[in-house]
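Residue-level structure breakdown
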Amino acid sequence: MDGYFNDASTIRLVHRNKIMALAGPRALLMQAAHPVAFAGFFASTETLRDPHARLRHTGEVLHTIVFGDRASAMRATARVRAVHHRLRGELTEPVGRFPAGTRWAADDPGLLLWILATLVDSSLIVYERYVGTLDDSQRESYWKDYRVVGSLFGLADRDMPDGIRDLEAYTADMLAGDVLHVSSRARELAVEIVLQPPVPLVMRPLLEFANFVTIGLLPPTLRCQYGLHWDGVRELMLCVGAAYAKRLVMPALPPTIRYDRARRERAVVKGLCLPEIGSAHAHQRDRLG
């Protein structure tokens, strides 16, 4: 079926790899470091009760946009926009440079751009560390694809940087400026995501690997604000492990392990229509935005 993207799209080239799931926790922690975004997208929803539900929901919606047909993508993003439109409020206490009483709206283009930028930045870092190298034209194409994603979430063209270099400059300015400030509640969220997620004991080794990558790939300033320990030995281990995975492990993996199932099935089925989300879970996920 007709989708916003096809198998030649850079966004599919990147996100067909299962390892891209490693980008999610990093992006979430970067988002939570924005005090106003934290109030709008985390504290005002049930995300603090189950941050992993937000990760799953975000992944499912992005999967629908990237691999699904247009109708499914429009339905999924329409639900998210409807939730964002309802979420309004103000900061109950001062955080960083933002005084108590600062008003926020979940559909504010400035907040949505930061959410989008964290997803792009985290995905590119994970892909280029663990999967492959993108040239300048591919990076530009990736951001062009993501501008389509941004438009589906309500951003106008004028709300988004024109090119990938402009987006990188925006992200760098945000990290170097005084907007981001990790609050004590955001720090609690980091513990829930990185240190104490609810997983079976048999999954702990995989979890520890994901935690290690999340902490190591966080921007140093935010890692420090979150109180997550890092040192030169860990940095060396991260670099060596990533190089080993990129050069030896990933190329050797069979498609059934390396790639997303939906991406593999496209070799057999022309087009992809994702199954509808069950009504028993749709309301809960809609509330998470």
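Relevant structure appears above.
Residues numbered from 1 in each chain as written. Predicted model: local features only at pLDDT ≥ 70, side-chain atom pairs only at ≥ 80, totals over all residues. Heavy atoms only, no water.

The next thing to look at is the overall build of the protein chain. A count of helices and strands for the protein chain gives 15 helices and two strands. Evaluated residue by residue, the protein chain yields a buried proportion of 49% over its 289 residues. Of the contacts formed within the protein chain by residues at least 6 apart in sequence, a portion of 73% connects residues at least 24 apart. Surface summary for the protein chain: the accessible area is close to 14200 Å², and the carbon and sulfur share equals 57%. (Helix = DSSP H or I, 4+ residues; strand = E, 2+ residues; numbered from the N terminus. Buried < 20%, exposed > 50% of the residue type's maximum accessible area, 1.4 Å probe, protein only. Contact = heavy atoms within 4.5 Å. Areas by Shrake-Rupley, 256 points an atom, 1.4 Å probe, with all protein chains shown as cover.)

What follows concerns the environment of Ala186. Within the fold, Ala186 resides in helix α9 (residues 184–195). Along the chain, Ala186 and Gln31 lie 155 residues apart, while their C-alpha atoms are 9.7 Å from each other. Not counting chain neighbours up to four residues away, the residues in contact with Ala186 comprise Ala32, Phe38 and Tyr226.

With that settled, consider the side chain of Asn17. On the secondary structure map, Asn17 appears in the loop between α1 (10–15) and α2 (23–32). Judged by its relative accessible area of 3%, Asn17 is buried. A distance of 3.2 Å separates a polar side-chain atom of Asn17 from the backbone oxygen of Val14. In this structure, Asn17 is in contact with Tyr127, Val131, Met250, Arg258 and Tyr259, ignoring residues within four places of it in sequence. (Polar contact = N/O pair within 3.5 Å; in protein donor to acceptor, adjacent residues only side chain to side chain.)

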